[in-house]
Amino acid sequence: SAVISQKPSRDICQRGTSLTIQCQVDSQVTMMFWYRQQPGQSLTLIATANQGSEATYESGFVIDKFPISRPNLTFSTLTVSNMSPEDSSIYLCSVQGSGELFFGEGSRLTVL
Amino acid sequence: EDQVTQSPEALRLQEGESSSLNCSYTVSGLRGLFWYRQDPGKGPEFLFTLYSAGEEKEKERLKATLTKKESFLHITAPKPEDSATYLCVVKAAGNKLTFGGGTRVLVKP
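Undergrad: Break down the state of the cysteines for me, with residues and values.
TA: Residue and element names in this part refer to chain A. Taken as a whole and assessed by the stated rule, the structure comprises 2 disulfides over all chains. At a sulfur-sulfur separation of 1.9 Å, the disulfide partner of Cys23 is Cys93. Negative torsions about the S-S bond denote left-handed disulfides, and the value of about -70 degrees found for Cys23 with Cys93 makes this one left-handed. Within this pair, whereas Cys23 is found in strand β3 (residues 19-25), its partner Cys93 is found in strand β9 (residues 89-96), the two being separated by 70 residues in sequence. In this structure Cys93 comes out as buried when scored by relative accessible area, which is 0%.

Undergrad: Explain the sheet that holds β3 of chain A to me, using residue names and the numbers behind them.
TA: Consider a sheet: its strands pair through backbone hydrogen bonds, and that pairing is either parallel or antiparallel. Residues and elements named next belong to chain A. Within the open sheet, the 4 strands sit side by side as β1-β3-β8-β7. Their pairing is antiparallel. A strand with exactly one partner marks an edge of an open sheet, and here the two such strands are β1 (4-7) and β7 (68-72). Taking each pair of neighbouring strands and ignoring which way they run, the sheet shows an average axis angle of 15 degrees. Sheet topology note: the β7/strand β8 (residues 75-80) ladder contains 3 bridges and is antiparallel. Residue pairing in the sheet places Asn72 in a bridge with Phe75 of β8.

Analysis parameters
- Residues numbered from 1 in each chain as written.
- Chains lettered and ligands numbered in written order.
- Predicted model: local features only at pLDDT ≥ 70, side-chain atom pairs only at ≥ 80, totals over all residues.
- Heavy atoms only, no water.
- Disulfide = S-S within 2.5 Å.
- Helix = DSSP H or I, 4+ residues; strand = E, 2+ residues; numbered from the N terminus.
- Buried < 20%, exposed > 50% of the residue type's maximum accessible area, 1.4 Å probe, protein only.
- Pairing = 2+ DSSP bridges.
- Axes fitted to C-alpha atoms, helices over the stretch in contact; angles between N-to-C directions.

As structure tokens, this is what we get:
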């Protein structure tokens, strides 16, 4: 299994600002995944982050709103840009094990 | 289109009252079915992987089973600390993941 650390664990943000979430994994991984979980909902994949290339975004998510960095095989960041109250969610970083996914503890963002 | 449906949406149990959660799936080419436990405000915690019909996995009071159309998560003699949301995730051909909506379980002492 992988140990995944996310920062911040929670934050309260003002409308129109941007916040960057960091994800650190205790081992080298090829792909890292970013998920969003809106209140009372299941998880939705935002994008897949590969080291050395641009992230691949799912339908409904764009790079201008959710820019992602992947500078090495153990670290990634997700920025939520120009936030609105609709962006209030838990954002989760994930990596794949032998078949299953492992998740970080999540970053709970509340946008006022 | 791949679909994963969990039922019930919510389950209230008395401590010691055993029950089962259901995960029905329709996917093209099952590659694996995963169960997770998620506590409020936290990330999902991996529980089990099932790959083929007839497979069973156990961990403490939890037992997961798999058929060709559904999976069950049995909770035997639950305790209040088993209260959580249980998520079912299915991997299909092309490594595509589909998440169920989850079952919120509340175990009252």
